[in-house]
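Take a look at the letters that make up each chain.
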Amino acid sequence: MGVPKAEIQIGQHPILLYLLERFRWPGPTLLVTAPGRTAPPGSERFSAEATDPQSGLGPLRGVLTALEHAKTPATLITTVDMPGLSFVHLLWLIEQLNACSNAIGVMSTRTIDGQPLIEPFPSIFTREARQVVHDQLALGRRSVYRLHTELAMHCVASPVEWPEDVWTNLNEPDDLLRFTQRLPNS
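Residues numbered from 1 in each chain as written. Predicted model: local features only at pLDDT ≥ 70, side-chain atom pairs only at ≥ 80, totals over all residues. Heavy atoms only, no water.

Attention now moves to helix α2 (residues 58–69). Each full turn of the α-helix corresponds to 3.6 residues, which orients residues three or four apart in the same direction. Between its first and last C-alpha, α2 extends 17 Å over 12 residues, near the 16 Å set by a 1.5 Å rise per residue. Of the residues making up α2, those classed as buried are L60, R61, G62, V63, L64, T65, A66 and L67. (Helix = DSSP H or I, 4+ residues; strand = E, 2+ residues; numbered from the N terminus. Expected span 1.5 Å × (residues − 1). Buried < 20%, exposed > 50% of the residue type's maximum accessible area, 1.4 Å probe, protein only.)

Next up, the structure:
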């Protein structure tokens, strides 16, 4: 992207503020940052910030950091580079977790060209998932996606009416350009 993803601007706003506005989350928010990348623009609007204790362990380390610092029975996990998400999508994940009483977490799936695809983010985890995530990292496994093989991790088909923009992932400058061109007033 040319800059750390947490420093991306959407319109004239830091991406973190853009996301908080889209989520309109009524509860506590926790920003997980990498070592050396603390306090990015917009971080002051989060309830708390936690920094991974070690860099280079990927998104699964970020999930564990979030679970280690969470003050709630369940933790929704999103990424800074998915600006198409909104409160509706997060609420749906909560509903899915509530419907799966024995689950330690829920990931969604979507269908592309007739094939199911597991989407590791956004996802939701219970406190009980912390040990599973810890054990995966201890074994040298860094993939959030691979958590779907855990028996108590449920994968649920996302609603077909969700627009494709929900799955937008900002990995290259062109991704950001395409996303911002679709915004109203762009």
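A few words on the environment of W162. One can find W162 in the loop between β8 (153–157) and α5 (173–181). Taking the C-alpha atoms as reference points, W162 and L17, separated by 145 residues in sequence, lie 23 Å from one another. Once you skip the residues sitting within four places of it in the chain, W162 turns out to touch H89, W92 and W167. (Contact = heavy atoms within 4.5 Å.)

This part is about the nonpolar core. Judged by nonpolar contacts, the single largest core of 40 residues is most densely connected at I10, L60, V63, F125, V133, V144 and L147. Look past the residues within four positions of V133 in its chain and what remains in contact with it is L60, V63, L64, L67 and L147. (Core = buried A, V, L, I, M, F, W, Y, C linked by side-chain atoms within 4.5 Å.)

What follows concerns the side chain of T126. Mapped onto the elements, T126 comes out in strand β7 (residues 115–126). Taking the relative accessible area as the measure of exposure, T126 reaches 10% and is therefore buried. Polar side-chain contacts of T126 include one of 3.0 Å to the side chain of E128. Every residue in contact with T126, bar those within four places of it in the chain, is listed here: L67, P73, A74, L97, A103 and I104. (Polar contact = N/O pair within 3.5 Å; in protein donor to acceptor, adjacent residues only side chain to side chain.)

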